[in-house]
Amino acid sequence: MLKSVVLIKKGTDGRKLAYEVLTEIAAEEILTKRNKILIKPNITAAMPDSTGVTTHVSIVEGVLQFLADNSIKNAVIGEGGGCDITQAYEKLGFSKVALKYGVPLADFNKEPEVIVKVPNPLVQDAFGLAKTVTECDCIINVPCLKVHKWESRVTLCLKNMMGCIARNRSIMHQNFNQRLMDLLSVTNKSEVNIIDGIVGHEGDEIHGNPVGVGVVIASRDWVAADAVGAAVMGFSEGEVGHIPLAEQHGFGIGTLANIELRGASIESVRKPFKRGRD
């Protein structure tokens, strides 16, 4: 079996880290062939990146610099979190960085939704996705390293796709694991993934505490990235149910033995996070 490669890189300079990991996983091999690229951060709330709740804008800037240096000009930054995203873009510095690189910003909370049918659904027949999501043929997935309460346990690359839903994301909290598989089937474009672990967040997705981990985790395989991210946070293999389920459904590799780790080891950066409150 061909192993999925996951890179763990230590540091706190988000711009530098993002640029370096994209170079090391040869992301340009994918990105130069795509027509329109969505850069998808995690902005659950308009809280500073020092809290670990939101993606560091410096990492997004590193992504944009990498795209510019590789003459890739077809990107858009888009998110649909649980706050006023347009205001959050301004408050957190995304507007400034987008202007600097000439990249548009999309607020999925305000976009028209496009109904996309799920092939062979488990529990959800269709999703109303933000229009921009349906127009992109590649996603650069830039979530945070966070735990979550309820069934999901963690919120990393796979769960970050919830922000692609234009309306009523609360449906995801019923039969989460199965419903997430249905969502992944219609957002299966996440070909470049960078988990922002410069500062993580434990105890809850929003109302917990920041944890300085000082890493980023990068891979072309979003399931493999999540498997490593969960392990870094101290979760045992298989404890986060949607990761092995995603592997079973063919979305990527979730078994650590079948992942080729590069850079730092999991053991050298592991910090057991406090679990989310059920």
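Before reading further, recall that the structure is shown in the block above.
Conventions and cut-offs
- Residues numbered from 1 in each chain as written.
- Predicted model: local features only at pLDDT ≥ 70, side-chain atom pairs only at ≥ 80, totals over all residues.
- Heavy atoms only, no water.
- Helix = DSSP H or I, 4+ residues; strand = E, 2+ residues; numbered from the N terminus.
- Rg over C-alpha atoms; globule rule 2.2 N^0.38 Å.
- Buried < 20%, exposed > 50% of the residue type's maximum accessible area, 1.4 Å probe, protein only.
- Contact = heavy atoms within 4.5 Å.
- Areas by Shrake-Rupley, 256 points an atom, 1.4 Å probe, with all protein chains shown as cover.
- Lys, Arg positive; Asp, Glu negative; His and termini not counted.
- Charge placed at Lys NZ, Arg CZ, Asp CG, Glu CD.
- Axes fitted to C-alpha atoms, helices over the stretch in contact; angles between N-to-C directions.
- Parallel < 35°, antiparallel > 145°, perpendicular 65-115°, else oblique.
- Nonpolar A, V, L, I, M, F, W, Y, C, P; charged D, E, K, R; others polar.
- Salt bridge = Lys/Arg side-chain N within 4 Å of Asp/Glu carboxyl O.
- Pairing = 2+ DSSP bridges.
- Polar contact = N/O pair within 3.5 Å; in protein donor to acceptor, adjacent residues only side chain to side chain.

## Here we look at the overall build of the protein
So, step 1. Scanning the protein from terminus to terminus reveals ten helices and twelve strands.
So, step 2. At 17 Å, the protein has a C-alpha radius of gyration in line with the 19 Å of a compact globule built from 278 residues.
So, step 3. Each of the three principal axes of the protein carries a C-alpha extent, and together these read 40 × 40 × 40 Å.
So, step 4. Residues counted as buried form 59% of the 278 residues belonging to the protein.
So, step 5. Sequence-distant contacts in the protein: of pairs separated by 6 or more residues, those separated by 24 or more amount to 75%.
So, step 6. Of the roughly 10,900 Å² of accessible surface on the protein, 50% is carried by carbon and sulfur atoms.
So, step 7. Positive and negative side-chain charges of the protein, numbering 31 and 32 respectively, have mean locations separated by a distance of 2 Å.

## Focus: the packing of helix 3 (residues 57–69) against helix 5 (residues 94–101)
So, step 1. Orientation of helix 3 relative to helix 5, taken along the N-to-C sense of each, is 10°, at an axis distance of 10 Å. If you check the angle between helix 3 and helix 5, you find them roughly parallel. In this structure, helix 3 contributes Val57, Val60, Glu61, Leu64, Gln65 and Ala68 to the contact, and helix 5 contributes Phe94, Val97, Lys100 and Tyr101.
So, step 2. Residues of the contact of helix 3 with helix 5, tallied by class, amount to seven nonpolar, one polar and two charged.

## Some thoughts on the pattern of salt bridges
Pairs may arise between side chains of opposite charge once their charged atoms sit close together.
So, step 1. Using the criterion set out here, one finds 16 salt bridges in the structure.
So, step 2. Residue glutamate 135 pairs with lysine 131 through a salt bridge whose shortest N-O separation is 2.4 Å. You can see glutamate 135 and its partner lysine 131 sitting in helix 6 (residues 131–135), four residues apart, about one turn around the helix.
So, step 3. Given the relative accessible area of 37%, glutamate 135 is considered partly exposed.
So, step 4. The class of lysine 131 is partly exposed, set by a relative accessible area of 37%.
So, step 5. Put simply, arginine 275 and glutamate 239 hold a salt bridge, and the shortest N to O gap is 3.2 Å. Here glutamate 239 lies in the loop between helix 8 (222–232) and helix 9 (242–248) and arginine 275 lies in the segment after helix 10 (266–269), a separation of 36 residues in the sequence.
So, step 6. Overall, glutamate 239 belongs to the partly exposed group, its relative accessible area being 28%.
So, step 7. One network of salt bridges, in which partners are shared, links Lys9, Lys16, Glu20 and Glu24.

## Describing the pairing of strand 10 (residues 190–202)
Successive side chains on a regular strand alternate, one facing one side of the sheet and the next facing the other.
So, step 1. Among the 13 residues that make up strand 10, twelve are buried, leaving the element largely enclosed by the rest of the structure.
So, step 2. Sheet analysis places strand 7 (residues 138–142) next to strand 10, joined by three bridges and oriented parallel. In the strand pairing of strand 10, isoleucine 139 is matched with serine 190.
So, step 3. By the bridge criterion, two bridges tie strand 8 (residues 144–147) to strand 10 in an arrangement that is parallel. Residue lysine 146 lies in a different strand from strand 10, and its bridge partner there is histidine 201.
So, step 4. One ladder, built from nine bridges, connects strand 10 with strand 11 (residues 209–219); its direction is antiparallel. Bridge pairing in strand 11 places aspartate 196 opposite valine 216.
So, step 5. The antiparallel pairing of strand 10 with strand 11 creates a hairpin that spans six residues between the two strands, and glycine 203 there sits at a positive phi of about 90°.

## A look at the environment of glutamate 135
So, step 1. Sequence separation of glutamate 135 and asparagine 35 is 100 residues, and the distance between their C-alpha atoms is 9.2 Å.
So, step 2. Reaching out from glutamate 135, the side chain makes a polar contact with the side chain of lysine 36 at a distance of 3.3 Å.

## Topic: the side chain of asparagine 141
So, step 1. Take asparagine 141: it is sitting in strand 7.
So, step 2. Polar contacts involving the side chain of asparagine 141 include one to the side chain of serine 190, which spans 3.2 Å.
So, step 3. Excluding residues that lie within four positions of it along the chain, asparagine 141 makes contacts with Lys40, Cys157, Asn160, Met161, Ser190, Val192, Asn193, Ile194 and Trp222.

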